[in-house]
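# Fold and contact review
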Amino acid sequence: MTRKRIATTSLAGCFGCHMSILDIDERFLALADLVEFDRSPIDDIKHISRRCDIGIIEGGCCNEENVETLREFRRNCNVLIALGDCATMGGIPALRNNIPLEQCLLEAYRDGPSVQNPSGLIPNHPELPLLLDKVYPCHEVVRIEYFLPGCPPSAETIWQALVALLEGRQADLPYELIKYD
Amino acid sequence: MTATSESRSPSVDPTLEEVVETIDRHGNERTSLMHVLRDIQERHRCVSPGAQSLVAEVMGIPRVEVEGFVSFYSFLSEEPWGDIVIRVCDDVPDRMRGFERVLSAFREAVGVEVGRTSADGITLTTTASIGLSDQAPAALVNDVPVTELSTDKVHRIVEALRSHRDPKKLVTLLGDGNNAHPLVRSMVKNNLMHPGPLIFSPVSRGQAIRRATRVSPAEVIRQVKAARLRGRGGAGFPTGMKWEFTRASLGERKFVICNADEGEPGTFKDRVILTERPDRVFSGMTVAGYAIGAQEGIVYLRAEYQYLRAYLEAVLAQRRSDGLLGRDIVGRPGFHFDIRIQMGAGAYVCGEETALIRSCEGRAGEPLNRPPFPAEHGFLGCPTSVNNVETYCCIAKILEEGAAAFNEYGTPESAGTKVLSISGDCLKPGIYEVAFGITLHTMLEMCGAEDARAVQVGGPSGSLVGPTDFHRRICFNDLPTGGSMIVFGPDRDLLSVVYAFAEFFADESCGYCTPCRVGTQLILRYLERLRAGRAEASDIEELRRTARTMKTTSRCGLGSTACNPVLTSMERFPELYAPVDDHPDAYRRSFDLPRAVAEAERLSGRTSRGEHVEQGYHA
């Protein structure tokens, strides 16, 4: 069987979902037999090199670079998985969605009680991607095939879902794996 | 100007003495809270935080509940309004008749934006349906309805207000019928285009009560059942059965409530019934009191109909002095019944019976789970029968002339007549009392709208139907309606109508349950996508799923019907919901990158890498 190609990325996320991928521990060896990694923080490949079977997205879109990346994944992957709550519905970063952008920036860089910023300047380097008006869950920017909830989804959830997808069957995730209360 | 307006109006905070006096006048009970706060609002143009604290303290109500109450009702405000408040009705029939132009004329004439108060104390705001759809565009100036507005008329109104500051003086031409009564003196017209044989027939005062009290309460209920009377508010529950339950429920005190909170956009029938046949309504309530064993009746009158209150109070007083209300009614020892008027304060959801009861109890009108039904556990926990204004008229008529005479009209399942409020694109908008079972075709012919493209039957919570359904009948088991009928002509943009209704529900959702609070917002969002030409097939599908979820999981009738404009228009006018093709790269059409980065571009002074983003690295 040819190995499937996988790419992963973290957008407006905390990398916690990627840590949860690493938590599959020794099963990584089994995974390596099933898949080949393309662009991913795991191997530090910066851009997708050729068409992938599966793209795994952590985090939603908070700036235009996130949009670029997500669209790159969409163009180059057959199937996209939104991994974790930020990718699925914006998560913690989306708490800013009800506050105007300018007010967010002033609070973060000038007015917040713990801010130490004598210049009062708000970072504005050309390299810094422009922020979006709010944080968008991935499916509002591109089509997403699968959603794995959780903050983060457990290693077991990720493993079960991934193996099912690779074997071309429906994931049968027991209740304990997707219950969060 | 400012100085004079300040000298004219008292301060925003009432004194303790004043609050105590107001509360004493209405009675220091929780049920008086609405009237206490309405009085304070009227005198001080707001219920200030200070006023809330005083009321809470004197009445022994947690302050947060007083605050919640004030914020719930749109006719109460924490911030001071001007001594003149202009509420321009923003309802679909008004939008069809030039609401936008009228509103901008008001903005220009008053010199403020919507929601603001001018320096000389005129507040401009918009409001949901005020029950004047047949004479739209309309507005309320304090309590005074002003109708058939044009931009010229708006300028004249504002000019006149600035010179005499008395909304009552705006009425120069009086409306027909009792609108000209000295206690009403309103420019409102009845537009009673087709008075029918039951509701609008002449009243023989006292006859229904005399006939009722000649037989036992059980016999009265039997007659109501024999007439096969069903509730006229829209849901059509058999009235006799409701009364039987209420009669059978245990309780020292029982209540009869008349729901005169018609807030369904496009409905105005109760206004005309209350103007022209109040005796029949009160008579029906009294019969209900006799039948279920209640001594107390409440008319819950929507705030928009405050201008009818003095007149209705006078009718009640007359009935008292004629022995038709009060003790030993019609000389029958032991039959005591009286009616008081409870004002609402601008909340559509209070038309739902449990919300209405909560409002009467001096609480925010949030609906409760049913069961228990009000028949068992209603106002103050007592068995309560809540019926529509028109239903009480039917009761009176059934007692006056017997069940058989009532049954002569209508169909086997829907006996009697229905009062329709017809508005929109027709030659003769107004009130039509018709026998149940007439087709929409017939109705459209009557009102002069043969070329209609669609009719919203039963208001936004009802259904939108098109020509293929015009052969259908107005009755409970075909096309039920509480009375609202909005007609749309051949050139109307129906999607904008659906959107307007969605906005209405998003605004009126009480926010208690998630399906309704969130669902109404999601519906708006999907409809915005659709109107912007950015809705893909999956968006349309999500819209449908959201609407269905609301239907099955909302807590009360508001949520479960708030999705009807979408669901019924999807079914009857699928062409409105044509999706755009999916993006070849499966990007979402609804995501608008230039718009999403516009604010950041403004703040940073940099431009987006937009092009780059669109092309990507591996184009």
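Note that the structure is a prediction, hence the values are computed from the model and not measured. Residue positions are given per chain, counting from 1 as you read along its sequence in written order. Ligands are numbered from 1 and chains lettered from A, in the order in which they are written. Reporting of local features is limited, given that this is a predicted model, to residues whose pLDDT is at least 70; pairs of side-chain atoms are given and counted only at 80 or more, and all residues count toward the totals for whole chains, interfaces and linings. Only hydrogens and water are set aside; all other atoms, that is, all heavy atoms of the structure, feed into the side-chain values.

This next bit is on a nonpolar patch on the surface. Each patch is built from salt-bridge-free residues with over 30% relative accessible area, joining like charges within 9 Å and nonpolar side chains (Val, Leu, Ile, Met, Phe, Trp, Tyr) within 5 Å. Per-residue accessibility takes into account occlusion by the displayed protein chains alone, with areas from the Shrake-Rupley method and a 1.4 Å probe. Within this document, salt bridges are pairs made up of a side-chain nitrogen of Lys or Arg and a carboxyl oxygen of Asp or Glu, the two lying within 4 Å of each other. Residues Met 19, Leu 22 and Ile 42 of chain A make up a contiguous nonpolar surface patch of about 260 Å² in total accessible area. By definition, any uninterrupted DSSP run of H or I lasting at least four residues is a helix, any uninterrupted run of E lasting at least two residues is a strand, and each is numbered from the N terminus. Among the secondary structure elements, Leu 22 of chain A is positioned in helix H1 (residues 16-22).

Quick look at the pattern of salt bridges now. Note that side chains of opposite charge can pair when their charged atoms are close. Residue and element names in this part refer to chain B. Counted according to the given criterion, the structure contains 51 salt bridges over all chains. Across the pair Arg 165 and Asp 120 runs a salt bridge, and its minimum N-O distance is 4.0 Å. With Arg 165 in the loop between helix H8 (151-164) and strand E5 (192-194) and Asp 120 in the loop between helix H7 (99-110) and strand E2 (122-127), the pair connects residues that are 45 residues apart, well separated along the chain. For the pair Arg 165 and Asp 120, one class covers both residues: buried. Across the pair Arg 588 and Glu 536 runs a salt bridge whose closest N-O atoms are separated by 3.3 Å. One end of the pair, Arg 588, is in the loop between helix H23 (564-572) and helix H24 (593-604); the other, Glu 536, is in the loop between helix H20 (514-531) and helix H21 (537-553), and 52 residues separate them in sequence. For every residue, the accessible area obtained with a 1.4 Å probe (protein chains only) is divided by the maximum for its type, and the residue is called buried under 20%, exposed over 50%, and partly exposed between those limits. Taking relative accessible area as the criterion, Arg 588 reaches 10% and is therefore assigned buried. One network of salt bridges, with partners in common, ties together Asp 83, Asp 120, Arg 162 and Arg 165.

Bringing the pairing of strand E3 (residues 52-58) of chain A into the picture now. Residues and elements named next belong to chain A. The buried count for E3 comes to 6 of 7 residues, which makes it a mostly enclosed element. Pairing between strands is defined by DSSP: at least two bridges between them are needed. In this structure, strand E1 (residues 4-10) lies alongside E3, joined through 5 bridges in parallel fashion. Paired with Thr 8 across the bridge in E3 is Ile 56. Looking at chain direction, E3 and strand E5 (residues 77-83) are connected through 6 bridges and run parallel. Within E5, the residue paired with Glu 58 across the bridge is Leu 83.

Here the domain parsing of chain B yields domain 1 (2-72), domain 2 (84-172), domain 3 (194-407), domain 4 (417-488) and domain 5 (494-577). For every domain, the bounds stem from an assignment made automatically or drawn from a database. Summarising the inter-unit geometry, the C-alpha centres of domain 1 of chain B and domain 4 of chain B are found 43 Å apart.

Below, the discussion takes up the sheet that holds E1 of chain A. Residues and elements named next belong to chain A. If you trace the 5 strands from one edge of the open sheet to the other, you get E2-E1-E3-E5-E7, paired in parallel fashion. Both edges of this open sheet fall to strand E2 (35-37) and strand E7 (146-148), since each of them pairs with a single strand only. Strand after strand, the sheet turns through a mean of 25° between neighbouring axes, direction not considered. The sheet contact formed by E1 and E2 spans 3 bridges and is parallel. When the bridges of E2 are listed, Arg 5 appears paired with Glu 36. Axes here mean lines fitted to C-alpha atoms, for a helix over just the part in contact, with angles spanning 0 to 180 degrees between N-to-C directions.

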